[in-house]
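# What the coordinates show
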Amino acid sequence: MAVLTSSSQSLQVQRFPQNHYIDSLRWLPQLSAFHRHIILAAFDSESSTSSLQIKSLSNESSSSNPPEITLQSSLTTPSRISSLRTSQNPNKPLIAASTFSGSLLLYTADLVNGSLDFVDSVPEKGFHSGRVTGIDVSENGLEFVSVGEDGRINLVSFVGGRLSCRKVFDSNGLVSYGAVKWASPVEFVSGGLGFGLQWWDQRRPGGPVSQFKANWNHGTTSGIVHSIDIHPSRKHTCLAGGSSGTVFAWDLRWQQQPIMLSGVGTSDLSALSPSESDVWEVQYDNYTTSSNYRNISESRVLPAMICSEDGILAVIEQGEEPVELLAEPCAINSFDIDRQNPSDIVCSLEWESIAILTRS
Amino acid sequence: MPGLTSESDDLAMVPVTPESENQPVVIYPLHHSLKSPIHRLSISWACGNTLRVSVFRKPQSDTTEGDGEAGGRVVEVKLSSSGDEKVDGARWRRIAYSSVTPFALLQSRKHSLSAASRMSLDNPPYKTECWEHVIEYSKEISSLLSDQKPPPRSIIEDPKSVVNEIAEPMCLKAAWELLEIFYVDKQSQSWIPEQLLDWLADYNSLFSGTLPTVHSKLVDFQQELVGVQVVEEDPNYWDAMSSALAVGWLETVVKLLRLHGSYRFDQLSSRETENGLVEAVAVLISKMPRMRPSLREENLGDCYKTKPDFMKAWEKWRTQISKLDCSSYWLQCDHQQTREGLKNLIQIMLGNPTVLSNATFNWMELLISHFLYVRPFTAGLESMHNSAQKCIQLKPVSSPHKLSGLILGILGENTEVVLAECSRSFGPWMMAHAVELLTAGSTHAEILLHEEHSKLGGVSIEELHRLVYAQVLSSHALTWQIAPIYLTSCIKQGIGLLENMLYKQPVQHSQILLKSIEICRLYELDTISSNIMRIAGVHHWKHGRKGSGVFWLQQARDEFRLNRIAKQLFDFVGKSVSDEGFKQWEGLIELLGSESRTAGGLEFLNKYRDFRRSLLQVHGDTPTDAACNAAEALVSLMKNPSTPQRFWLPLLYDSLKLLMWQERQLLNVSQTQFLLNKLQELSMARLRPDFVEADLPSDALSSVRLALATNLGRAILEE
């Protein structure tokens with residue numbers, strides 16, 4: 001256990017070595033203050049099998065007994081998991097997982113008994129060919145959107161206990177998508193190669209209603225968007241993170257000019273960039289702002305957390321020094337901020353371990 | 001080929017190594033699920049430690065083709081590494097991961113120190129500083145080898161628990177600590193025997209495989225102890241104590257002595273003398289002088305830092321023991337077992353060789369007992385080695401333990417033997433990391449390890465072991481990404497092997513691709529990086545992901561292939577294509593166009609796309625304005641010098657409907673004349689031998705000419 005104290009906040013970090021690679025992980029909704037659960041997508045390289053696991057976290061914060069995580073339930077999945085999302089239904093949360101082979105799997109977790117049950121799946125055929133690079137679940141937990149390397153975008157609805165799938169767009173490989181995020185019940189944003197972002201509206205099918213193409217770094221190499229987030233209170237702004245430590249916000253109202261938050265591609269920001277390599281995940285960080293985010297002016301981007309290939313977990317804020325939470329010798333593949341308890345963060349490290357951070 | 005004769009459903013692959021006791025033949029079943037007999041096998045290495053086996057059926061004749069079975073299968077076989085140490089894969093990887101940081105830190109520190117020492121001439125501070133770094137490194141590695149949590153300590157100590165069951169210490173850690181004692185820890189050179197004692201106390205259990213050790217004896221006795229009523233009458237009680245005393249586990253002996261029946265309250269009065277003797281021995285044991293700066297928490301004895309003090313104390317202690325040995329109280333002690341047992345303990349402390357030999361089980365234990373009681377002032381490796389040789393003669397070993405081989409190599413100051421033992425018993429991880437300790441410890445070893453050998457391809461032994469370890473790392477899908485740390489510390493061959501390794505990574509997996517590119521960025525391997533991107537680009541393009549293909553080719557700045565793609569786009573010009581096809585084509589132009597430097601002909605394609613788009617919107621019933629725009633686009637396209645001559649006729653032929661627009665003519669006189677001139681120019685060009693005829697109907701030229709002439713006539717009339 002390590003306790004770091006920065007000027008404003010203290011941080012507790014606990015590391016839990018695992019016996020397998022972790023492709024993705026999420027907090028599950030909290031049942032009670034003492035019952036915390038994590039869902040993780042594990043990949044065992046020895047047997048080339050992948051599984052979804054529910055781990056429970058004992059949280060009796062006494063100094064003599066450090067917290068432990070125990071495996072509660074594990075289910076083998078037919079293919080490796082590329083993306084993992086949970087619905088925030090506290091009793092029986094739904095867990096959607098997209099696979100490397102191009103399918104979507106839906107599970108439900110019973111947190112009282114700690115079990116994981118298969119619900120339904122969308123098979124590869126007619127869905128995606130090749131890796132599904134991103135999925136997202138809508139606010140009501142019943143609509144899923146998926147994007148893939150193959151350039152397809154699909155909508156999957158969960159109605160009457162079954163999944164039904166509908167193709168929204170197929171670029172026939174002209175565009176490869178890397179990430180997707182719902183903006184509203186009918187709108188979502190996809191991102192991919194060349195730092196491109198596309199705004200889609202289901203009411204206007206056939207193509208994106210708005211597109212962003214990066215051209216701020218002429219002469220330098222371009223990159224890929226790996227992750228997108230949209231804050232529920234600011235649905236017109238889309239936060240994207242990708243190659244070369246790049247994080248930017250794209251405001252639909254000022255479409256031509258993205259707001260750069262970090263990245264080595266732009267000279268005026270490289271000093272402030274916490275990372276120089278791929279930013280794997282971005283999420284708005286509600287913790288620092290929960291009390292005062294109404295005070296942050298409309299034009300400013302809300303604080304965001306990133307994790308990166310060069311082992312950085314940091315909070316970045318427009319025009320300010322980034323706050324580094326972790327600096328690991330290996331990559332941080334994914335992280336999740338607990339929605340109910342935004343002080344808590346779980347992240348997966350490349351060297352087969354999990355770290356849990358508590359800010360106070 | 002072995003295994004091919006099998007007629008069963010699945011083939012088995014049998015490695016053709018000669019069978020030996022150490023390496024039993026391993027059989028890997030292949031599940032290829034082909035029914036008919038196998039015709040051919042092809043085996044190659046796949047990623048990491050897996051073999052790719054392609055299994056082919058006999059090519060079927062045409063008549064039986066329709067049986068629906070595949071003509072072959074490719075299966076991957078993962079070769080499991082049969083490590084000597086029983087460390088599972090995950091544990092091993094954890095060691096590999098956590099040793100990266102200490103190793104890299106030490107390398108960078110050594111690097112900056114050697115850079116600094118080249119600047120200034122004062123050598124000594126550099127040496128000591130370097131030592132401190134190596135010590136830190138060694139401690140860190142040693143701590144990561146025991147990653148298990150310590151067992152929970154009970155607050156109430158069990159009086160009958162004499163041996164702590166430690167969670168199976170690893171042989172690897174034992175070997176590491178041994179190297180640390182002898183090579184790194186220079187400050188405690190004077191008390192090596194005591195360190196060896198501590199070491200044996202920690203790892204004695206490792207030696208108890210088939211043969212007994214002091215530890216195994218104590219464990220056995222502890223189990224017995226629960227059921228025994230009067231311990232002092234049990235011969236095992238005295239045996240256990242003499243063994244523990246011989247190897248210096250004083251606290252265990254004292255604890256056991258206090259279990260003696262004479263301490264019991266109801267017997268104290270009747271066995272007063274006996275109890276006095278037991279207590280006297282216990283006190284003497286706990287007061288034993290030790291040549292060491294400090295003791296571990298639970299250990300007993302009196303510490304002395306300097307040799308004169310220690311010698312003085314030792315003589316005094318010995319005199320006390322002799323005095324007790326000759327005491328008249330023994331005659332008053334009527335409990336025979338106690339008398340004999342205590343006498344035996346005294347004999348051990350007096351260094352009686354026969355008693356010591358009886359109390360110990362292998363030469364290591366005997367050696368420790370000699371250090372403690374026979375030659376307490378032993379110093380220097382040579383005399384220790386002599387003692388060890390004597391002990392081996394007294395307690396010969398049939399199958400030597402791997403740690404004992406290592407100890408003998410160290411004591412014999414034979415670096416080659418130490419290296420060979422490490423390599424044979426502990427594998428590549430140990431070799432790559434322990435070399436740092438050896439080179440820090442002795443000049444001889446440093447010369448030996450750093451000397452470049454022509455028969456090793458010009459690399460030193462140190463580099464060789466790093467390379468071997470890097471190979472092991474790169475053979476696993478999860479550890480390959482730490483291999484670069486070790487490869488880049490190899491001056492001669494490292495970068496070359498790193499390049500090889502990066503080329504071998506599968507590009508189709510985007511995570512691995514990005515990882516490889518990141519490694520290239522860190523080590524400034526720009527050429528490799530762009531080659532990998534190029535390979536990825538071609539891969540994606542071939543698999544129909546044109547967007548990714550173009551993206552990676554652009555990242556690689558592969559002008560050649562991008563131009564090839566652009567050239568393919570020209571084939572589209574003048575052809576009638578479906579809407580879907582046009583969208584694809586349009587999309588590709590957009591992809592290529594985003595990079596301005598690959599503009600070879602793209603300017604034309606962009607203009608052509610605009611023209612084509614406006615032409616597509618023109619139908620018989622569209623308003624004239626749209627048609628007018630299309631005609632404008634045609635003229636500007638024809639005027640543009642970047643428009644290749646071979647497309648002039650197809651362009652005009654495409655626009656026939658514009659030239660013959662019903663409502664009114666769309667081109668004015670000068671525009672029409674311009675187009676006619678172009679047509680004339682084309683006719684002249686046709687006479688040249690290198691002219692390429694456009695793939696158009698034979699009457700295309702005449703129909704265009706006719707349309708233009710008609711248009712010209714209408715335009716003249718209009719004006």
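Scroll up to find the structure.
Overview of the structure. Remember, it's a predicted structure, so these values are computed and weren't measured experimentally.

Reading the values: rules and limits
- Residues numbered from 1 in each chain as written.
- Chains lettered and ligands numbered in written order.
- Predicted model: local features only at pLDDT ≥ 70, side-chain atom pairs only at ≥ 80, totals over all residues.
- Heavy atoms only, no water.
- Helix = DSSP H or I, 4+ residues; strand = E, 2+ residues; numbered from the N terminus.
- Buried < 20%, exposed > 50% of the residue type's maximum accessible area, 1.4 Å probe, protein only.
- Contact = heavy atoms within 4.5 Å.
- Areas by Shrake-Rupley, 256 points an atom, 1.4 Å probe, with all protein chains shown as cover.
- Pairing = 2+ DSSP bridges.
- Axes fitted to C-alpha atoms, helices over the stretch in contact; angles between N-to-C directions.
- Buried area = accessible area lost by both parts, 1.4 Å probe.
- Salt bridge = Lys/Arg side-chain N within 4 Å of Asp/Glu carboxyl O.
- Polar contact = N/O pair within 3.5 Å; in protein donor to acceptor, adjacent residues only side chain to side chain.
- Nonpolar A, V, L, I, M, F, W, Y, C, P; charged D, E, K, R; others polar.
- Phe/Tyr/Trp six-rings, centres within 6.5 Å; stacked < 30°, edge-to-face > 60°.
- Lys NZ or Arg CZ within 6 Å of the ring centre and 35° of its normal.
- Core = buried A, V, L, I, M, F, W, Y, C linked by side-chain atoms within 4.5 Å.
- Expected span 1.5 Å × (residues − 1).
- Disulfide = S-S within 2.5 Å.
- Parallel < 35°, antiparallel > 145°, perpendicular 65-115°, else oblique.
- Left-handed = near helix turned anticlockwise from the far one by under 90°.

## Digging into the overall build of chain B
A tally of regular secondary structure across chain B gives 31 helices and 9 strands. The buried share of chain B, taken over its 719 residues, is 47%. Counting contacts in chain B only where the partners sit at least 6 residues apart, residues at least 24 apart contribute 64% of the total. Here chain B displays about 36500 Å² of accessible surface, and carbon together with sulfur accounts for 54% of that area.

## What to know about the overall build of chain A
Helix and strand counts for chain A stand at 0 helices and 29 strands. Going through the 360 residues of chain A one by one, you find that 60% of them count as buried. Here the contacts in chain A between residues at least 6 apart in sequence split such that 48% fall between residues at least 24 apart. As presented, chain A carries roughly 14000 Å² of accessible surface, and 48% of it is formed by carbon and sulfur atoms.

## Things to note about the sheet that holds strand β6 (residues 69-77) of chain A
Residues and elements named next belong to chain A. Taken in spatial order, the 4 strands of this open sheet run β3-β4-β5-β6, and their pairing is antiparallel. Taken across any chain shown, the strands that pair with only one partner, and hence form the sheet edges, are β3 (21-27) and β6. In this sheet, neighbouring strand axes are inclined to one another by 25 degrees on average, regardless of whether the strands run parallel or antiparallel.

## Brief notes about unusual backbone geometry
Of all residues except glycine, most have a negative phi; of all peptide bonds, most are trans. Positive phi is not limited to glycine here, since A:Glu352 has a value of about 50 degrees. Secondary-structure assignment places A:Glu352 in the loop between β28 (344-349) and β29 (353-359). Using a relative accessible area of 3% as the deciding quantity, one classes A:Glu352 as buried. Its identity is not glycine, yet B:Glu413 carries a phi of approximately 50 degrees, on the positive side. Inspection of the secondary structure puts B:Glu413 in the loop between α15 (402-411) and α16 (415-441).

## Focus on the interface of chain B and chain A
Chain B puts 35 residues into the contact, and the matching count from chain A is 38 residues. Summed over the three residues of chain B that lose the most area to chain A, namely B:Tyr97, B:Leu514 and B:Phe551, the buried surface amounts to 16% of that side. In this structure, A:Glu352 engages B:Arg93 in a salt bridge whose closest nitrogen and oxygen atoms are separated by 2.6 Å. Remark: the boundary between chain B and chain A carries 13 residue pairs in polar contact (both at pLDDT 80 or more). Taken together, the elements giving at least two residues each to the side of chain B that touches chain A come down to α1 (89-119), α21 (510-522), α23 (546-555) and α25 (579-593) of chain B. Taken together, the residues of the side of chain B that touches chain A break down into 10 nonpolar, 13 polar and 12 charged.

## Here we look at helix α7 (residues 250-257) of chain B
Residue and element names in this part refer to chain B. Most of α7 sits out of view: 6 of its 8 residues are buried. Along α7, the residues classified as buried are Leu250, Thr252, Val253, Val254, Leu256 and Leu257. Elements in contact with the buried residues of α7: α5 (214-225), α6 (235-246), α8 (272-286), β6 (289-290), α11 (336-349) and α13 (363-374).

## Some points on the packing of aromatic side chains
Counted according to the given criterion, the structure contains 23 aromatic pairs over all chains. Measuring from ring centre to ring centre gives 6.3 Å for B:Trp199 and B:Phe207, while their planes differ by 75 degrees; the resulting arrangement is edge-to-face. Given a relative accessible area of 1%, B:Trp199 falls into the buried group. Taken together, the ring pairs in this structure connect A:Phe169, A:Tyr177, A:Trp182, A:Phe188 and A:Trp200 into an aromatic cluster. Lying across the ring of A:Phe43, A:Arg80 places its NZ or CZ 3.9 Å from the centre.

## Topic: the nonpolar core
Ranked by internal contacts, the top residues of the largest apolar core, which has 159 residues, are A:Leu313, B:Trp199 and B:Leu257. Ranked by the residues each element gives to this core, the list is headed by α16(B), at 13 residues. Not counting the four nearest positions on each side in its chain, A:Leu313 is found in contact with A:Met305, A:Ile306, A:Cys307, A:Val323, A:Glu324, A:Leu325, A:Leu326, A:Ile332, A:Phe335, A:Ile345, A:Cys347 and A:Leu357. Of all hydrophobic cores here, the second largest spans 49 residues; its members include A:Leu174, B:Leu562, B:Phe572 and B:Val618.

## Structural notes on the side chain of A:Ser308
Residue placement: A:Ser308 occurs in strand β24 (residues 304-308). When residues no more than four places from it in sequence are discounted, the contact partners of A:Ser308 are A:Ser275, A:Ser277, A:Asp278, A:Val279, A:Trp280, A:Ala331 and A:Ile332.

## Brief notes about the packing of α23(B) against helix α24 (residues 559-570) of chain B
The relative placement of two packed helices comes down to the angle between their axes together with the axis-to-axis distance. As a packed pair, α23(B) and α24(B) sit with axes 8 Å apart at the nearest point and diverge in direction by 145 degrees. Contacts between α23(B) and α24(B) pair B:Val550, B:Leu553 and B:Gln554 from the former with B:Arg561, B:Leu562 and B:Ile565 from the latter.

## A closer look at the sheet that holds strand β20 (residues 234-242) of chain A
All names here are of chain A. Across the sheet, which stays open at both edges, the 4 strands sit in the order β19-β20-β21-β22 with antiparallel pairing between neighbours. Every interior strand has two partners, whereas the edge strands, β19 (225-231) and β22 (259-262), have only one. For this sheet, the mean angle separating the axes of adjacent strands, direction not counted, is 25 degrees. Relative to β20, β19 runs antiparallel, the two being bridged by 5 bridges. Bridge assignment links Val225 to a residue of β20, and that residue is Gly242.

## A closer look at the environment of B:Ser614
All names here are of chain B. Residue position: Ser614 is located in helix α26 (residues 602-617). On the basis of relative accessibility, which here comes to 14%, the residue Ser614 falls in the buried class. Considering only alpha carbons, one finds Ser614 and Val100, 514 residues apart in sequence, at a separation of 61 Å.

## What about α6(B)?
Residues and elements named next belong to chain B. The terminal C-alpha atoms of α6, which comprises 12 residues, lie 17 Å apart, in line with the 16 Å expected from a rise of 1.5 Å per residue. Judged by how many residues are buried, α6 sits mostly within the fold: 9 of 12 residues are covered. Every buried residue of α6 is accounted for by Tyr237, Trp238, Ala240, Met241, Ser242, Ser243, Ala244, Leu245 and Ala246. With a side-chain oxygen lying 3.0 Å from the backbone nitrogen of Asn236, the N-terminal cap of α6 falls on Asp234.

## A few points about the pairing of strand β21 (residues 247-251) of chain A
Residues and elements named next belong to chain A. For β21, the tally of buried residues reaches 5 of 5 residues, placing the bulk of the element in the interior. Of the two faces of β21, both are covered, the one formed by Val247, Ala249 and Asp251 as well as the one formed by Phe248 and Trp250. Of the strand pairs in this sheet, β20 and β21 are connected by 5 bridges, and their pairing is antiparallel. Directly across from Thr237, in β21, lies its bridge partner Asp251. Hairpin remark: β20 followed by β21, antiparallel, with 4 residues in the connecting loop; positive phi at Ser244, about 55 degrees. For β21 and β22, the ladder comprises 3 bridges, and the chain directions are antiparallel. Across the sheet, residue Val247 finds its bridge partner in β22, namely Ser262.

## Here we look at the state of the cysteines
This structure, assessed with the given rule, holds 0 disulfides over all chains. Free cysteine A:Cys347: the closest other cysteine sulfur is in A:Cys307, separated by 7.4 Å.

## Quick look at the side chain of A:Ser83
Residues and elements named next belong to chain A. If you trace the backbone, Ser83 turns up in strand β7 (residues 81-86). Owing to a relative accessible area of 7%, Ser83 belongs among the buried residues under this scheme. When sequence neighbours within four positions are dropped, the list of residues in contact with Ser83 reads Ala96, Ala97, Ser98, Thr133, Gly134 and Ile135.

## Things to note about the environment of B:Glu297
Within the secondary structure, B:Glu297 sits in the loop between β6 and β7 (302-303). On a C-alpha basis, the gap between B:Glu297 and B:Ala470 in space is 40 Å, while along the polypeptide they are 173 residues apart.

## Focus on the pattern of salt bridges
Side-chain pairing between opposite charges can occur once the charged atoms of the two side chains come close. Residue and element names in this part refer to chain A. For the structure on display, the rule yields 44 salt bridges over all chains. Ionic pairing is found between Asp170 and Lys167, a salt bridge with its closest N-O pair at 3.6 Å. On the accessibility criterion, Lys167 (46% relative accessible area) is partly exposed. Arg203 is paired through a salt bridge with Asp201; the nearest N and O atoms lie 2.9 Å apart. The exposure class assigned to Arg203 is exposed, which follows from its relative accessible area of 57%.

## Brief notes about the packing of α6(B) against α11(B)
Residue and element names in this part refer to chain B. Where α6 meets α11, the closest approach of the two axes is 10 Å, and the angle between their N-to-C directions is 10 degrees. Taken together, the axes of α6 and α11 are roughly parallel relative to one another. Crossing hand, α6 versus α11: right-handed. Packed against α6, whose contacting residues are Trp238, Met241, Ser242, Leu245 and Ala246, the element α11 presents Gln337, Thr338, Gly341, Leu342, Asn344, Leu345, Ile348 and Met349 at the interface.

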